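Structural overview for review
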Amino acid sequence: MIVLVACGGQDYQCYFDEIPRPESIIEGRELQNDALRARVNKEFGCMAVVKYCGAAWNSIRGEEMTKIELLPIRQIELVRV
């Protein structure tokens, strides 16, 4: 399933077998999108936490898609706010 992923102010399209759950932990090496994987590995120390954003319109694909946001692990407490 293709999901829109917000990470550091930029959106990426990434394939997941299933939509990641809110507050779950994602390892950079598991990400299918090369640019997103490199960014998570470099800026987040290889791991990120998922914040659910909802649905967003993707004008390139011409459809509504699920959107999540990836945050550094150190911000995990802020995700619950």
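Just above, that's the structure.
Reference entry: report on the structure contained in this document.

**Here we look at the overall build of the protein**
- When helices and strands are tallied, the protein shows two helices and five strands.
- Beginning at the N terminus, the succession of helices and strands in the protein can be written as β-β-β-α-β-β-α.
- The C-alpha atoms of the protein give 12 Å as radius of gyration, which agrees with the globular expectation for 81 residues (12 Å, within 12%).
- If you line up the protein on its principal axes, its C-alpha atoms span 35 × 30 × 25 Å.
- Of all 81 residues assigned to the protein, the portion counted as buried reaches 37%.
- Accessible surface computed for the protein: about 5,100 Å², of which carbon and sulfur atoms make up 48%.
- For the protein, the centre of its 10 positive side-chain charges and the centre of its 12 negative side-chain charges are spaced 5 Å apart.

**Let's talk about helix α1 (residues 34-43)**
- Of all the residues in α1, the buried ones are L36, R39 and V40. Seen along its axis, α1 keeps its buried residues to an arc of 95 degrees; they face one direction. For α1, the exposed residues lying more than 90 degrees away from the buried face are D34 and K42.
- Check the buried side of α1 and you find it contacts β1 (2-7), β2 (10-15), β4 (47-58) and β5 (63-72).
- Backbone geometry just downstream of α1 places G45 in the positive-phi region, at approximately 70 degrees.

**Regarding the pattern of salt bridges**
- What the rule picks out here adds up to four salt bridges.
- In this structure, R29 and E27 form a salt bridge, with 3.0 Å as the shortest nitrogen-oxygen distance.
- Among the residues examined, E27 registers a relative accessible area of 25% and is labelled partly exposed.
- Residues D34 and R37 are paired through a salt bridge, measuring 2.2 Å at the closest nitrogen-oxygen approach. Remark: R37 and D34 occur in helix α1; sequence separation between them is three residues, near one turn of the helix.
- We classify D34 as exposed; its relative accessible area is 53%.

Thresholds applied
- Residues numbered from 1 in each chain as written.
- Predicted model: local features only at pLDDT ≥ 70, side-chain atom pairs only at ≥ 80, totals over all residues.
- Heavy atoms only, no water.
- Helix = DSSP H or I, 4+ residues; strand = E, 2+ residues; numbered from the N terminus.
- Rg over C-alpha atoms; globule rule 2.2 N^0.38 Å.
- Buried < 20%, exposed > 50% of the residue type's maximum accessible area, 1.4 Å probe, protein only.
- Areas by Shrake-Rupley, 256 points an atom, 1.4 Å probe, with all protein chains shown as cover.
- Lys, Arg positive; Asp, Glu negative; His and termini not counted.
- Charge placed at Lys NZ, Arg CZ, Asp CG, Glu CD.
- Arc of directions from axis to C-beta.
- Contact = heavy atoms within 4.5 Å.
- Salt bridge = Lys/Arg side-chain N within 4 Å of Asp/Glu carboxyl O.

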